[in-house]
Protein chains: 2
Amino acid sequence: MLATLMYGPGDVRIENVPDSRIKNSTDALVRITASCICGSDLHPYHSMDAAGGPARMGHEFIGIVEAVGADVVTVKQGDLVVSPFAVSDNVCEICRENLQTSCLHHEANFWDGISDEGGQAEAIRVPLADGTLVKLPVAAESALIPSLLTLSDVFGTGYHAAVAGGVTEGSTVTVIGDGAVGLLAVLSAKRLGAERIILMGRHQSRTDLGREFGATDVVSARGEEGIALVRELTGGHGTHAVLEAVGHMPAYEQALGVVRRGGVISRVGVPQYEVAPIGFGSLFRHNIRLAGGPAPVRAYIEELMPDILEGRIEPGKVFDATTDLAGVPAGYRDMDERTSLKVLVTP
Amino acid sequence: MLATLMYGPGDVRIENVPDSRIKNSTDALVRITASCICGSDLHPYHSMDAAGGPARMGHEFIGIVEAVGADVVTVKQGDLVVSPFAVSDNVCEICRENLQTSCLHHEANFWDGISDEGGQAEAIRVPLADGTLVKLPVAAESALIPSLLTLSDVFGTGYHAAVAGGVTEGSTVTVIGDGAVGLLAVLSAKRLGAERIILMGRHQSRTDLGREFGATDVVSARGEEGIALVRELTGGHGTHAVLEAVGHMPAYEQALGVVRRGGVISRVGVPQYEVAPIGFGSLFRHNIRLAGGPAPVRAYIEELMPDILEGRIEPGKVFDATTDLAGVPAGYRDMDERTSLKVLVTP
């Protein structure tokens, strides 16, 4: 079967690999019908250590169950399913606290941590299928597929940013980053009742979509200038919640600059730093809280799906390009060059 | 009048200073009847820059109102009052969100930031008296005074640690530090319904009081050994909340080691560091949250006072020594040498 392999920075190839197949009684084999490229795939695209050998890519997909192991009970052959970006058993005590990305099961992992499988491929073996997969009540050709595909990562991640940021009726919110996650954090903040949503981003086609998703203000400046503008928009105070969907240190510093006294910085951009200011002069003096992490998107799928099925929201608008597997390397390049926001892949 | 001045590390003196007096129409003049020395007073006792000139000391007190400015309406001459360690107007939009330690009023400040007044003295001018002071329904000689005095800082601070840590019915909690704040964080966690309260501290007389306040377990080891013991007590998982009442980097590292996936590190020990690990390998991977800061004790006084007045709790047990003003320098020394837990001062 065909799959996507990354050999090193900028080096993405489509190659034949051994067919995925059932190994354990809790596995499902899924033929992938829709997948995509993630903003986080660009981190290894920039800095992967080629010495580690090629990596299988892709952690977001929808597909049709082709076979299941003997112990799988929640999905069956022929079901259309969506997978979160992390495999989990959904029954351990951490999963029951709705933190499936920290599942205690020994097979639990991010797809990016499972070396012999990937979502940008023709098929995939899904461990812990009962805990991981969620059945979709539509056909594989449904016009809703792009939006349902966002439940595998970017929508759930944007939603997690807003939930972990404590966004609620009347909140003021700043979203840092106009990638797919940032834009869906806007949509999520709107859904949770935020009154003011300031989107910090520099790409007008993206911030225009952000306005469509519910942003009340757009600030394209960054650094001190951007901070000053957000403060100006908020009576000098900053916003209750800051949803940080980038992961680089300047985004964290920007978050410190625009958060209100007593507010929350909710991070879903994977931090590209380990140490950062959190002492008296940054977080402590004004009781600024820090929240977020890898989104337990599994916890949100059932909650968010009805809004998509009933047409109230269309998170799939973050896809602005579609390709087959052969076009995936070009898709990485386009996303890296910011000529595509997010690329849908139909294997 | 007599007041406490710190001239440099280890150099505390009682001296005559100009009498405190009303300056603004929103001031009250309070004759102090009970005050105390705080664990945080030991930070300048170790490292104060003597070049800054002597500093007036003390930020916790109870006293009798001697006079009020023309605009003061909530307290009057003869009232017994308690003051939080921070002055606030209690009506600005940040105070209304119960974050009085970040009050927006230009006169708002920590007592430690008001250079010409201090609580370890015979009298004090209280700015923003209506917002700051709370009337006590007892006499200045009441046996409840030590417990009521803890409302000015250490009890409210321990309580803030627990509230900001999200402690609730059934929570598992680790408290790091067996000073007065740590011990009252134990009492607070118990009051909020925590099921398991592990106190990390090395002084048996203190941890014994911690057990009396509700600690279910005591771990005297620190660092990796202490972390391993807490993990062992919690099925390997650590606790939902970690209340960090020390402020030094090893305490933060210990907190990272004992917090459960998805849990909260709530800091009330003033950080003696600015940068610290918060990236993928520390907070982010498992959605560990960070909370806390200077406690808005003003927000908690009315909530906590009935438990003291009705004898359900006795936070004043943290005082294990009493002195007059002349004995304050020795009180600092005793607290620094850990021969006293907390010293009550009756001017």
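Residues numbered from 1 in each chain as written. Chains lettered and ligands numbered in written order. Predicted model: local features only at pLDDT ≥ 70, side-chain atom pairs only at ≥ 80, totals over all residues. Heavy atoms only, no water.

Draft legend 1. Layout of the overall build of chain A. In terms of regular secondary structure, chain A is built from eleven helices and 19 strands. At 20 Å, chain A has a C-alpha radius of gyration in line with the 20 Å of a compact globule built from 347 residues. Viewed in the frame of its principal axes, chain A has a C-alpha envelope of about 60 × 40 × 40 Å. Counting all 347 residues of chain A, 60% fall into the buried class. Counting every atom, chain A has about 12,700 Å² of accessible surface; 49% of that belongs to carbon and sulfur. Here chain A holds 28 positive side-chain charges and 43 negative ones, and the gap between their average locations is 5 Å. (Helix = DSSP H or I, 4+ residues; strand = E, 2+ residues; numbered from the N terminus. Rg over C-alpha atoms; globule rule 2.2 N^0.38 Å. Buried < 20%, exposed > 50% of the residue type's maximum accessible area, 1.4 Å probe, protein only. Areas by Shrake-Rupley, 256 points an atom, 1.4 Å probe, with all protein chains shown as cover. Lys, Arg positive; Asp, Glu negative; His and termini not counted. Charge placed at Lys NZ, Arg CZ, Asp CG, Glu CD.)

Draft legend 2. Expanded view of the side chain of His160 of chain B. Here His160 of chain B lies in helix 4 (residues 154-164). On the basis of relative accessibility, which here comes to 6%, the residue His160 of chain B falls in the buried class. Within the structure, the side chain of His160 of chain B is placed 2.7 Å from the side chain of Asn287 of chain A, a separation counted as a polar contact. Discounting chain neighbours no more than four positions away, the residues touching His160 of chain B are Asn287 of chain A together with Gly165, Ser266, Val268, Gly292, Gly293, Pro294, Ala295, Pro296 and Tyr300 of chain B. (Polar contact = N/O pair within 3.5 Å; in protein donor to acceptor, adjacent residues only side chain to side chain. Contact = heavy atoms within 4.5 Å.)

Draft legend 3. How the structure looks around the interface of chain A and chain B. With 42 residues of chain A at the interface, the matching set in chain B holds 42 residues. Both sides of the chain A and chain B interface together cover about 3,500 Å² of buried area, and 56% of this is carbon and sulfur. Its largest share of buried area at the contact with chain B, chain A owes to Ile278, Phe284 and Asn287 of chain A, together 20% of the area lost on that side. The tally of links between chain A and chain B comes to four salt bridges. The partner of Arg260 of chain B in a salt bridge is Glu93 of chain A, with the nearest N and O atoms 2.9 Å apart. There are 34 residue pairs in polar contact (both at pLDDT 80 or more) connecting chain A and chain B. Every element with two or more residues in the side of chain A that touches chain B is listed here: strand 15 (259-267), strand 16 (275-277), helix 9 (280-284) and strand 17 (289-292) of chain A. Here the side of chain A that touches chain B takes five residues from helix 9 of chain A, the largest share from any one element. For the side of chain A that touches chain B, the per-class residue count stands at 20 nonpolar, 14 polar and eight charged. (Buried area = accessible area lost by both parts, 1.4 Å probe. Salt bridge = Lys/Arg side-chain N within 4 Å of Asp/Glu carboxyl O. Nonpolar A, V, L, I, M, F, W, Y, C, P; charged D, E, K, R; others polar.)

Draft legend 4. The packing of aromatic side chains, seen in detail. A full pass over the atoms with the stated rule returns 14 aromatic pairs over all chains. With a centroid separation of 5.9 Å and an interplanar angle of 40 degrees, the aromatic rings of Tyr252 of chain A and Tyr273 of chain A are classed as tilted. Placement of Tyr252 of chain A in helix 8 (residues 249-258) and of Tyr273 of chain A in the loop between strand 15 and strand 16 is noted, with a sequence separation of 21 residues between them. For the pair Tyr252 of chain A and Tyr273 of chain A, a shared accessibility class is recorded, and that class is buried. Ring centres 6.5 Å apart and planes at 65 degrees place the aromatic pair Phe155 of chain B and Tyr159 of chain B in the edge-to-face group. (Phe/Tyr/Trp six-rings, centres within 6.5 Å; stacked < 30°, edge-to-face > 60°.)

Draft legend 5. View of the domain arrangement of chain A. All names here are of chain A. Here chain A is described as being made up of domain 1 (2-153 + 297-345) and domain 2 (157-292). Once you take the C-alpha centre of each, domain 1 and domain 2 turn out to be 27 Å apart. Contact with domain 1, which involves 18 residues of that partner, is made by 19 residues of domain 2. Counting each side, the surface lost to burial between domain 1 and domain 2 is near 1,600 Å², with a carbon and sulfur contribution of 62%. The largest per-residue losses of area from domain 1 upon contact with domain 2 belong to His43, Tyr300 and Leu341, which jointly make up 34% of the total buried on that side. Where domain 1 touches domain 2, the interface holds three salt bridges. Where domain 1 packs against domain 2, one counts eight residue pairs in polar contact (both at pLDDT 80 or more). Across the side of domain 1 that touches domain 2, the residue classes break down as eight nonpolar, three polar and seven charged. (Domains from an automatic or database assignment.)

Draft legend 6. Representation of the pairing of strand 11 (residues 172-176) of chain B. Residue and element names in this part refer to chain B. Among the five residues of strand 11, five are classified as buried, and the element is accordingly described as predominantly covered. Neither face of strand 11 is left uncovered, since the one carrying Thr172, Thr174 and Ile176 and the one carrying Val173 and Val175 both have all their residues buried. The pairing of strand 11 with strand 12 (residues 196-200) spans five bridges and is parallel. Residue pairing in the sheet places Val175 in a bridge with Leu199 of strand 12. (Pairing = 2+ DSSP bridges.)

Draft legend 7. Summary view of the relation of the copies chain A and chain B. Of the transformation placing chain A onto chain B, the axial shift is 0.0 Å and the rotation is 180 degrees, giving an RMSD of 0.0 Å. Expressed as an axis order, the relation between the two copies is that of a two-fold axis. Relative to the rotation axis, the C-alpha of Leu290 of chain A is the closest in chain A, positioned 2.5 Å from it. When the interface residues of chain A are mapped onto chain B, 100% of them again lie at the interface, so the same face is used by both copies. (Least-squares fit on C-alpha atoms with pLDDT ≥ 70 in both.)

Draft legend 8. Inspection of the UniProt feature "domain: Alcohol dehydrogenase-like C-terminal" (unreviewed entry) in chain A at higher detail. The UniProt entry lists residues 180-293 of chain A under the feature "domain: Alcohol dehydrogenase-like C-terminal" (unreviewed entry), expressed in the numbering used here. Structurally, residues 180-293 of chain A comprises 42% helix and 26% strand, and the distance from its first C-alpha atom to its last is 17 Å. (UniProt positions renumbered as here; feature names shortened; annotations may be inferred.)

Draft legend 9. Seen up close, the sheet that holds strand 1 (residues 2-8) of chain B. Residues and elements named next belong to chain B. An order of 2-1-4 is seen for the three strands of this open sheet, with the pairing classed as antiparallel. Two strands in the sheet have a free side with no partner beyond their single neighbour: strand 2 (11-16) and strand 4 (55-56). Where helix 11 (residues 328-336) meets the sheet, its contacts fall on strand 1 and strand 2, and the angle it forms with strand 2 comes to roughly 160 degrees. (Axes fitted to C-alpha atoms, helices over the stretch in contact; angles between N-to-C directions.)

Draft legend 10. Structural detail: the UniProt feature "domain: Alcohol dehydrogenase-like N-terminal" (unreviewed entry) in chain A. Within this structure's numbering, the places UniProt gives as "domain: Alcohol dehydrogenase-like N-terminal" (unreviewed entry) are residues 26-137 of chain A. In the segment residues 26-137 of chain A, helix accounts for 9% and strand for 29%; the C-alpha atoms at its two ends are 22 Å apart.

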